[in-house]
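Listed below, chain by chain, are the residues.
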Amino acid sequence: MHPTLRTFTGPLRWEEGRAGENDPVMTKSLPLIFTAPRRGRPPTHLADLGPQARRDAVVAAGAPAFRADQLARHYFTNLTRDPAQMTDLPAAGRVEFVDALLPELLTEVRSISCDDGDTRKTLWRAHDGTLIESVLMRYPERITLCVSSQAGCGMACPFCATGQGGLDRNLSTAEIVDQVRLAAAAARDGALGAPGRLSNVVFMGMGEPLANYNRVLAAVRLITAPAPQGLGISARSVTVSTVGLVPAIERLTRENLQVRLAVSLHTPDDELRDTLVPVNDRWKVDEVLAAARGYADATGRRVSIEYALIRDVNDQPWRADLLAATLRRHLGRLVHVNLIPLNPTPGSQWDASPRPVQDEFVRRVRAGGVACTVRDTRGQEIAAACGQLAAASKG
Ligand code: SAH
């Protein structure tokens, strides 16, 4: 794909020709990409900088240092980068000053709503033309934003639209934070009907968050810092979802944060996981779950196990039993399974499991002593699930 990328060259077990006749046929073999290409760096933004660097940048732009705090208040508390609303800044040169410190990072390409207006997906264009998406969802008790952490993804999961498109680049800290800032403003201003407060953020949009570790962590800190230094969302309401990059999970464990960890397991056995989540070649199920246990012990929080249920691939009753036993062994009660009915990507021969099969799967996981719920499938009619909008727009 991208010949200049450093790629993981371990054996990928799902290359063409290896599958038996009755196995799910996987037609594409993509390299795993851990290191994003260095291209198209977005302009530096206040949200990319620490406190001293913010003041330095303000002074470099010709203003007194205290204006850094004023800008932060406009951005994180008032959720705006509109100079017209910043009447506490001198009118002369205000537009240029704001443009220098709070440059426009994301412009809306389009937004689509569905689920009676409770789900709203937005496609954003970054300064270099890169397309990313985020999805805002209203539930009775909360408003959740699904954010992207990378443009594209290098993890190559064969059932995921983003994974099939490869990695374009990492998003900057501010590009991640700005998705949240824009969504919080949209929720406040009634984009989902009655005005509401953005309460939850899940890193389940495009990309592998732990492959863009430093920027994602900086973004998490800004999303959770109290206003005016951050967006003031509770860390417990932020979920970081990963394919299972073990060293990065261990690093996250040491950060002392209360964010929820979600692990995309998709099957309890290595043989199938090698094909569904190619990074399993590096870190096996046991290692991933041991790292998840370390996180659960350090934070006292239950780990979410993501499981996309795929018809005749990973939905067998025996797999449900094995899943429950494996999770009990590793995580005890500090675990919760989140079943996601597969959202078939265009051109894929895979499908969601029939309802009775799904029900039996849930029943068996619960009977094995593990909490299990089925995620409601928001946004299907607008391809809001799993990278499909940006993939479609790329053509
Ligand atoms: N890279 C991270 C976050 C991205 S996606 C991760 O893998 O966890 C969030 C979840 O959606 C993951 O569990 C992913 O496996 C799942 N997913 C991706 N494509 C899907 C599809 N077509 N149907 C159902 N779930 C999907």
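Now for a description of the structure that goes with this document. Everything quoted here is computed from the prediction, not taken from an experiment. (Residues numbered from 1 in each chain as written. Predicted model: local features only at pLDDT ≥ 70, side-chain atom pairs only at ≥ 80, totals over all residues. Heavy atoms only, no water.)

## Focus: the overall build of the protein chain
For the protein chain, the count of helices and strands is 12 helices and 14 strands. When each of the 395 residues of the protein chain is scored for burial, the buried share is 55%. For the protein chain, the share of sequence-separated contacts (at least 6 apart) that also reach a separation of at least 24 residues comes to 68%. Accessible surface, the protein chain: about 16600 Å² in total, of which carbon and sulfur atoms supply 50%. (Helix = DSSP H or I, 4+ residues; strand = E, 2+ residues; numbered from the N terminus. Buried < 20%, exposed > 50% of the residue type's maximum accessible area, 1.4 Å probe, protein only. Contact = heavy atoms within 4.5 Å. Areas by Shrake-Rupley, 256 points an atom, 1.4 Å probe, with all protein chains shown as cover.)

## A word on the sheet that holds strand β3 (residues 106-114)
Adjacent strands of a sheet form backbone hydrogen bonds with each other and so pair up, either parallel or antiparallel. Spatially, the 10 strands line up as an open sheet ordered β3-β4-β5-β6-β9-β10-β11-β12-β13-β14, and their pairing is mixed. With one partner strand each, in any of the chains shown, β3 and β14 (371-374) form the two edges of the open sheet. Ignoring strand direction, the axes of neighbouring strands in this sheet form an average angle of 20°. Strand direction decides the pairing type here: strand β5 (residues 131-138) and strand β6 (residues 143-146), joined by four bridges, are antiparallel. Across the sheet, Met137 pairs through a bridge with Thr144, a residue of β6. Its contacts with the sheet place helix α11 (residues 355-367) against β12 (303-309), β13 (335-341) and β14, and it is angled at close to 160° to β14. (Pairing = 2+ DSSP bridges. Axes fitted to C-alpha atoms, helices over the stretch in contact; angles between N-to-C directions.)

## A look at the site of the ligand
The environment of the ligand is formed by 20 residues, the closest being Gly207, Ser241, Ser264, His266 and Asn343. The backbone of Gly207 places a nitrogen or oxygen atom 3.0 Å from a nitrogen atom of the ligand. Between the ligand and Asn343, the relevant distance is 2.7 Å, taken from a nitrogen atom to a main-chain nitrogen or oxygen of the residue. Expressed as a share of its isolated accessible area of 530 Å², the protein-covered part of the ligand is 95%. Among the elements of the structure, β10 (238-242) and β12 are those that each provide at least two residues to the shell around the ligand. Broken down by class, the residue content of the shell around the ligand amounts to 10 nonpolar, eight polar and two charged. (Near = heavy atom within 4 Å. Polar contact = N/O pair within 3.5 Å; in protein donor to acceptor, adjacent residues only side chain to side chain. Nonpolar A, V, L, I, M, F, W, Y, C, P; charged D, E, K, R; others polar.)

## Regarding the pattern of salt bridges
Across all of its chains, the model carries 14 salt bridges by this definition. Between Arg188 and Asp189 there is a salt bridge; the shortest N-O distance is 2.9 Å. Here Asp189 falls in the exposed class, since its relative accessible area comes to 55%. Each of the salt bridges in this network shares a partner with another, and the network as a whole consists of Asp321, Glu360, Arg363 and Arg364. (Salt bridge = Lys/Arg side-chain N within 4 Å of Asp/Glu carboxyl O.)

## Structural notes on the nonpolar core
Judged by nonpolar contacts, the single largest core of 109 residues is most densely connected at Leu71, Leu198, Phe203, Leu327 and Val337. Ranked by the residues each element gives to this core, the list is headed by helix α5 (residues 173-188), at nine residues. Beyond its immediate sequence surroundings of up to four residues, Leu327 is in contact with Leu265, Leu289, Ile305, Gly332, Val335, Val337 and Val370. Counting residues in hydrophobic clusters, the runner-up holds five residues, among them Val135, Tyr139, Cys146 and Val202. (Core = buried A, V, L, I, M, F, W, Y, C linked by side-chain atoms within 4.5 Å.)

## What about the pairing of β10?
β10 sits mainly inside the fold: five of its five residues count as buried. Covered by surrounding structure in β10 are Val238, Val240 and Thr242 together with Thr239 and Ser241, the residues of both alternating faces. Handedness of the crossover is the feature at issue here: the chain leaves strand β9 (residues 200-203), passes through helix α6 (residues 213-224), returns alongside β10, and the resulting connection is right-handed. Where β10 lies against strand β11 (residues 260-264), four bridges are found, and the strand directions are parallel. Paired with Thr239 across the bridge in β11 is Arg260. Considered for its hand, the β-α-β crossover made up of β10, helix α7 (residues 246-253) and β11 is right-handed. (Right-handed = clockwise from strand over helix to strand, strands pointing away.)

## Brief notes about the packing of aromatic side chains
Considering all chains together, one arrives at three aromatic pairs under this definition. Pairing Phe34 with Trp283 gives two aromatic rings, centres 6.3 Å apart and planes at 90°, and the pair type is edge-to-face. Residue Phe34 is found in the loop between β2 (32-33) and α1 (51-60), and its partner Trp283 is found in the loop between α8 (270-276) and α9 (285-299); the two are separated by 249 residues along the sequence. We classify Phe34 as partly exposed; its relative accessible area is 22%. Here the aromatic rings of Tyr307 and Phe361 are separated by 5.0 Å at their centres, their planes lie at 45°, and the arrangement is tilted. Of the two residues, Tyr307 is situated in strand β12 and Phe361 in helix α11; the sequence distance between them amounts to 54 residues. Since its relative accessible area comes to 0%, Tyr307 is described here as buried. (Phe/Tyr/Trp six-rings, centres within 6.5 Å; stacked < 30°, edge-to-face > 60°.)

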